[in-house]
Amino acid sequence: MKGFKHLLMLIIIAFPMLCTPITALAANESSSTSSSATNSSQVASDDSLQKIKQKGTLVVGMSADYPPYEFTTKENGKTKYVGFEVSLAKQFAKDIGVRLVIKNMDFDSLLVALETGKIDAIISGMNVTNERKKSVDFSNTYYSGDSYFLINKGDKDKLVSAKSFNGKTVGAQNGTLQSTLISKEMPKATGKGLAKLSSLVIGLQSHKYDGVLMDAATAKAYAANNSNLYAFNSKLPNTAGGIAMAFPKGDTSLVNAANQTIKKVNKEQLINKEWIPQASQYMKSYKKQNTVLSYWRYFAKGIKYTLIITVVSVICGFLLGTLFALMRLSKNKFLHSIAVCYIEFLRGTPMMVQIMFVYFGIGAIIQSLPALLAGIIAVSLNSGAYVAEIIRSGIQSIPLGQTEAARSLGMSKNETFRYVIMPQALKNIWPALGNELITLLKDSSLVSVIGVSELMYQTQLVQSATYKGVLPLFITMIIYFILTFTLSRVLLYFEGRMKHAH
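What counts as what
- Residues numbered from 1 in each chain as written.
- Predicted model: local features only at pLDDT ≥ 70, side-chain atom pairs only at ≥ 80, totals over all residues.
- Heavy atoms only, no water.
- Helix = DSSP H or I, 4+ residues; strand = E, 2+ residues; numbered from the N terminus.
- Contact = heavy atoms within 4.5 Å.
- Areas by Shrake-Rupley, 256 points an atom, 1.4 Å probe, with all protein chains shown as cover.
- Axes fitted to C-alpha atoms, helices over the stretch in contact; angles between N-to-C directions.
- Parallel < 35°, antiparallel > 145°, perpendicular 65-115°, else oblique.
- Left-handed = near helix turned anticlockwise from the far one by under 90°.
- Nonpolar A, V, L, I, M, F, W, Y, C, P; charged D, E, K, R; others polar.
- Pairing = 2+ DSSP bridges.
- Core = buried A, V, L, I, M, F, W, Y, C linked by side-chain atoms within 4.5 Å.
- Buried < 20%, exposed > 50% of the residue type's maximum accessible area, 1.4 Å probe, protein only.
- UniProt positions renumbered as here; feature names shortened; annotations may be inferred.
- Phe/Tyr/Trp six-rings, centres within 6.5 Å; stacked < 30°, edge-to-face > 60°.
- Lys NZ or Arg CZ within 6 Å of the ring centre and 35° of its normal.
- Salt bridge = Lys/Arg side-chain N within 4 Å of Asp/Glu carboxyl O.
- 1 Å grid on protein atoms, 1.4 Å probe; cavity = no way out; pocket = protein on both sides within 12 Å on 5 of 7 lines; lining within 4 Å.
- Points joined across faces, edges and corners; volume = space filled by probe spheres on them.
- Expected span 1.5 Å × (residues − 1).

Caption draft 1: Examining the overall build of the protein chain more closely. Secondary structure summary: the protein chain contains 19 helices and 12 strands in total. Put simply, of all contacts in the protein chain between residues at least 6 apart along the chain, 74% involve residues at least 24 apart. When the accessible surface of the protein chain is summed, it comes to about 24,900 Å², and 59% of that surface belongs to carbon and sulfur atoms.

Caption draft 2: Representation of the packing of helix α12 (residues 296–329) against helix α17 (residues 413–443). The contact between α12 and α17 brings their axes to 12 Å, and the two run at 140 degrees. Relative to α17, the element α12 is oriented oblique. The two elements α12 and α17 cross, and the hand of that crossing is right-handed. Each of Thr-306, Leu-307, Thr-310, Ser-313, Val-314, Phe-318 and Leu-326 in α12 lies in contact with α17, whose residues at this interface are Phe-417, Leu-433, Leu-437, Leu-440 and Leu-441. Of the residues belonging to the contact of α12 with α17, the class tally is nine nonpolar, three polar and no charged.

Caption draft 3: Structural view of the sheet that holds strand β10 (residues 211–215). One open sheet holds the five strands; their spatial order is β9-β8-β10-β7-β11, and the pairing between them is mixed. Edge positions in the open sheet fall to β9 (190–194) and β11 (229–233), since each of these has one partner strand only. Across this sheet, the average inter-strand angle for adjacent strands is 30 degrees, counted without regard to direction. Sheet topology places strand β8 (residues 169–173) next to β10; two bridges connect them, and they run parallel. Within β10, the residue paired with Val-170 across the bridge is Gly-211. Of the strands in this sheet, β7 (147–152), β8, β9 and β10 touch helix α7 (residues 177–185), which is tilted by about 150 degrees from β8.

Caption draft 4: The arrangement of the environment of Pro-67 in detail. With respect to the helices and strands, Pro-67 occurs in the loop between β1 (57–62) and β2 (71–75). Pro-67 sits 212 residues away from Ala-279 along the chain, and the two C-alpha atoms are 7.7 Å apart.

Caption draft 5: Main features of the nonpolar core. Ranked by size, the top nonpolar core spans 71 residues in total, and within it Phe-92, Tyr-142, Tyr-143, Leu-150, Met-214 and Met-245 carry the most contacts. When residues in this core are grouped by element, the largest group, seven residues, is from helix α19 (residues 470–501). If near-sequence neighbours (up to four positions away) are discounted, Tyr-143 is found in contact with Tyr-69, Phe-84, Ala-217, Gly-242, Ile-243, Ile-271, Asn-272 and Ile-276. Membership of the second largest hydrophobic core comes to 31 residues, among which are Leu-110, Leu-369, Ile-376 and Val-379.

Caption draft 6: Layout of the UniProt feature "transmembrane region" (unreviewed entry) in the protein chain. Per the UniProt record, "transmembrane region" (unreviewed entry) is annotated on residues 305–326, 357–379 and 470–494. Within residues 305–326, the helical portion is 100% and the strand portion 0%, while the C-alpha atoms at the span's ends are 31 Å from each other. Summarising residues 357–379: 78% helix, 0% strand, and an end-to-end C-alpha distance of 12 Å.

Caption draft 7: Structural context of the packing of aromatic side chains. Within the structure shown, the criterion is met by 12 aromatic pairs. Judged by centre distance (4.7 Å) and plane angle (45 degrees), the rings of Tyr-69 and Phe-84 are tilted. Taken together, the residues Tyr-69 in the loop between β1 and β2 and Phe-84 in helix α4 (residues 84–95) connect sequence positions 15 residues apart. For the pair Tyr-69 and Phe-84, a shared accessibility class is recorded, and that class is buried. Against the face of Tyr-230 rests Lys-156, its NZ or CZ located 5.3 Å from the ring centre.

Caption draft 8: Main features of the pattern of salt bridges. Under the definition given, this model contains 10 salt bridges. Among the ionic pairs, Lys-55 bridges to Asp-120, the shortest N-O distance being 2.7 Å. Of the two residues, Lys-55 is situated in helix α3 (residues 48–55) and Asp-120 in the loop between α5 (110–115) and β5 (121–122); the sequence distance between them amounts to 65 residues. Of the charged contacts in the structure, one is a salt bridge between Glu-389 and Arg-392, with a shortest N-O distance of 2.9 Å. Remark: Arg-392 and Glu-389 occur in helix α15 (residues 371–396); sequence separation between them is three residues, near one turn of the helix. Look at Glu-389 and you get buried, because its relative accessible area is 12%.

Caption draft 9: Spotlight on the layout of surface pockets. Put simply, the second largest pocket is a space of about 730 Å³. Looking at the lining of the second largest pocket element by element, the count peaks at five residues for α17. When grouped by side-chain class, the residues that make up the lining of the second largest pocket number eight nonpolar, five polar and three charged.

Caption draft 10: Representation of empty space enclosed by the protein within the structure. As enumerated under the stated definition, the model contains five cavities of 30 Å³ or more in all. By volume, the largest cavity is sized at about 140 Å³. In terms of residue class, the lining of the largest cavity is built from five nonpolar, nine polar and four charged.

Caption draft 11: Seen up close, the packing of helix α16 (residues 400–408) against α17. Interhelical geometry of α16 versus α17 gives an angle of 140 degrees and a closest axis separation of 10 Å. One element, α16, and the other, α17, form an angle in the oblique class. Taken as a pair, α16 and α17 cross one another with a handedness that is right-handed. Across from Gln-402, Thr-403, Ala-406 and Arg-407 in α16, the residues of α17 making contact are Lys-413, Thr-416, Val-420, Ile-421 and Gln-424. Residues that form the contact of α16 with α17 fall into these classes: three nonpolar, four polar and two charged.

Caption draft 12: Summary view of α4. For α4, which comprises 12 residues, the first-to-last C-alpha distance of 16 Å matches the rise-based estimate of 16 Å (1.5 Å per residue) to within 8%. Burial analysis of α4 places nine of its 12 residues in the buried class, which makes it a mostly covered element. Among all positions in α4, only Phe-84, Glu-85, Val-86, Ser-87, Leu-88, Ala-89, Gln-91, Phe-92 and Ala-93 are buried. One or two residues past the end of α4 sits Gly-97, with phi positive at roughly 75 degrees.

Written out as structure tokens, the structure is:
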């Protein structure tokens, strides 16, 4: 019977969450139907461009690991976004009279970010496809190119065409045209996808992949900057249109403004004559003086944000954990059921999914929700569920006689809990709490998926900028070890003090 009540309570709490996307979907379908019937009036009343001008900023989503389209370099120790699509985005922002803001995130998260209003446009080597047209509106195309294989130079004599990869492993960035090409045009090859192109190149160099399929310009850029790599034309059929900007459905005035910029850029041939050569110069100049250690400011910034996320999440997680532990121990069935639902749901879903839900889901309602705050909220909620169980076990480990003795001495219920139960419980659960803190420090790396500049995010920037894969990861491992080892020593010190006190 109790199990049934808990299940019923879970359904009641979860029902609004489940209904929200369904209602939104129904609203979208209804909106889509009505837009078909009144298309001309909607075009006339579209004010997306005016909203951007009033806001004063154009937020563009990119996956800045795609040279020469968009990538990062350092200038005076700070991250700088460069590439011909960055130049295009700057030109577009200039033409409509607003300031450009770049949001760097995984390529396969860009469409979600656009649909939930976290960004105003995507300018990130996105090919026009019929499937994508169902979700977004595209501008006119401004660039097109073939798909190339990037391979290790030692394999160039045996890997000469797409058929050469039969029975071999080919990598591609998730959500790209190339990942679709592998599944459709190379059925005898094993396709593997990752979110970051730089991670695929690392895998290629360590022979986890036999080749990586990517855009021609990007493959040539990697081959030109790494003497151990080689690029060649895959000659696979191009099943998609060229590359264009993507905008939310219905933002017609913004699309028209983008088309005006693209028309001017194409007429003056700025991409081929000016912007790609500029990107190549950045790549060549930084190749000469690029060392991983010269990017120490990137790692320092990553450490700062990692510690901010960890410290704030630990405090919030402990407060939430204490609250829900007491609620679960409460004799009030309603509070008990809420605590059970919270704890079981948060422990039963992956933290990465929770982070993305908070940022893209709740962030769709609260448009101003920063990625850092969304990451802290998600990590705190997840930590609170685990801490709640740790604290509950600690409280229940104290013999009932302790409570009875304290009450017989005239102590109130609150005084008994504060001065007798909790100090002993804290001593018992200290190792478990310490372990949770160390786990939280490491798991903070997951917030990199929504573009928070913590340590793992900064590591990926270094990988993209230096064309080195393993060394930045090794440095990051050492940094994490130093942080966790130092933290474990501090926790052991306080654990010793607790033992000495008793």
